[in-house]
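# Residue-level structural notes
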Amino acid sequence: MSAETIINALQPYKIRPNGRDRYRAICPCCGERNPNTLSVGVTAEGAVLVRCFKLQCSVGSICAALGLEVADLFPPRESQGAPLQRRRLISPAQALDLLHDESQLVAVVAANIGHGTSIDDEDRARVLQAAGRIAYLRAEVLA
Ligand SMILES: [Zn+2]
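This is a predicted model, so every value here is computed, not measured.

Regarding its fold elements, the protein chain presents four helices and four strands. Written out in order from the N terminus, the α and β elements of the protein chain read α-β-β-β-β-α-α-α. Computed over the C-alpha atoms, the radius of gyration of the protein chain is 16 Å, within 12% of the 15 Å expected from 2.2 N^0.38 for a compact globule of 143 residues. Its C-alpha atoms give the protein chain principal-axis dimensions of roughly 50 × 45 × 25 Å. Out of the 143 residues in the protein chain, the part that is buried amounts to 22%. Here the analysis covers contacts within the protein chain between residues at least 6 apart in sequence; of these, 46% occur between residues at least 24 apart.

As structure tokens, then:
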């Protein structure tokens, strides 16, 4: 998905330019009406970086609030040219940040199971999604 698509998805959240390739908007998760809660940056590769300054909402929950997947923040692979010339779309630090979000979710579900709470289909689906995202991040960092 292109950065432009993400910017458009943030239109209802009063996104506006804040310097070169940088924007400010209302955090779709917790921002209410504060137009400075979300920082949005677009990398030279066309990847979109989002950060919530109010409650440090996870990248996953910000994407979910926009009806997007975390993978949508990165440009499509076919736009990256030949595989050998392909550049990493996310930095190891970003990958670690995203891994942190996903592993927290898995840990919460694991703790529930550990306490004898049965998990519902939604939790099960979300854990499988987390596993997919973790595999994606691994492939992305090793690329
Ligand atoms: Zn937030």
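With phi around 50°, Glu32 is a residue other than glycine that occupies positive phi space. Assignment of secondary structure puts Glu32 in the loop between strand E2 (22-25) and strand E3 (38-42). One non-glycine residue, Gln56, lies in the positive phi region at around 50°. Along the polypeptide, Gln56 turns up in the loop between strand E4 (48-52) and helix H2 (59-65). A tally of 9 C-beta atoms within 10 Å means that Gln56 is categorised as exposed.

For the protein chain, the assigned domains read domain 1 (1-77) and domain 2 (90-143). Its C-alpha centre places domain 1 at a distance of 21 Å from the equivalent point of domain 2. The partner domain 2 presents seven residues to the eight residues of domain 1 that form the contact. Split into classes, the residues belonging to the side of domain 1 that touches domain 2 amount to six nonpolar, two polar and no charged.

Below, the discussion takes up the environment of His115. Among the secondary structure elements, His115 is positioned in the loop between helix H3 (92-114) and helix H4 (121-142). Through-space distance from the C-alpha of His115 to that of Ala64 is 27 Å; in sequence the pair is 51 residues apart.

Bridge count between strand E1 (residues 16-17) and E2: two bridges; the pairing is antiparallel. Residue pairing for E2: Pro17 is matched across the bridge by Tyr23. Adjacent in sequence and paired antiparallel, E1 and E2 are bridged by four residues, among which Gly19 carries a positive phi angle near 100°. Two elements, E2 and E3, share four bridges in a ladder whose sense is antiparallel. Directly across from Arg22, in E3, lies its bridge partner Gly41.

Moving on to the pairing of E3. Across five bridges, the pairing between E3 and E4 is antiparallel. For Gly41, the partnering residue across the bridge sits in E4 and is Leu49. In textbook terms, the turn of a hairpin is the stretch between consecutive antiparallel strands, and for E3 and E4 this stretch comprises five residues, one of which, Gly46, has a positive phi near 90°.

Bringing the environment of Arg133 into the picture now. Mapping Arg133 onto the fold places it in helix H4. In this structure the C-alpha to C-alpha distance between Arg133 and Leu99, which are 34 residues apart in sequence, comes to 8.2 Å. If sequence neighbours within four positions are ignored, Arg133 has contacts with Val70 and Glu102.

Before going further, it helps to examine H3. When the terminal C-alpha atoms of H3 are compared, their 31 Å separation across 23 residues agrees well with the 33 Å that a helix rising 1.5 Å per residue should span. Among all positions of H3, only Gln94, Leu98 and Glu102 are buried. Its buried side turned inward, H3 meets E4, H2 and H4. Positive phi shows up at Gly116, right after H3, with a value of about 85°.

Cut-offs applied
- Residues numbered from 1 in each chain as written.
- Predicted model: local features only at pLDDT ≥ 70, side-chain atom pairs only at ≥ 80, totals over all residues.
- Helix = DSSP H or I, 4+ residues; strand = E, 2+ residues; numbered from the N terminus.
- Rg over C-alpha atoms; globule rule 2.2 N^0.38 Å.
- Buried ≥ 20, exposed ≤ 12 C-beta atoms within 10 Å, placed from the backbone.
- Contact = placed C-beta atoms within 7 Å.
- Domains from an automatic or database assignment.
- Nonpolar A, V, L, I, M, F, W, Y, C, P; charged D, E, K, R; others polar.
- Pairing = 2+ DSSP bridges.
- Expected span 1.5 Å × (residues − 1).

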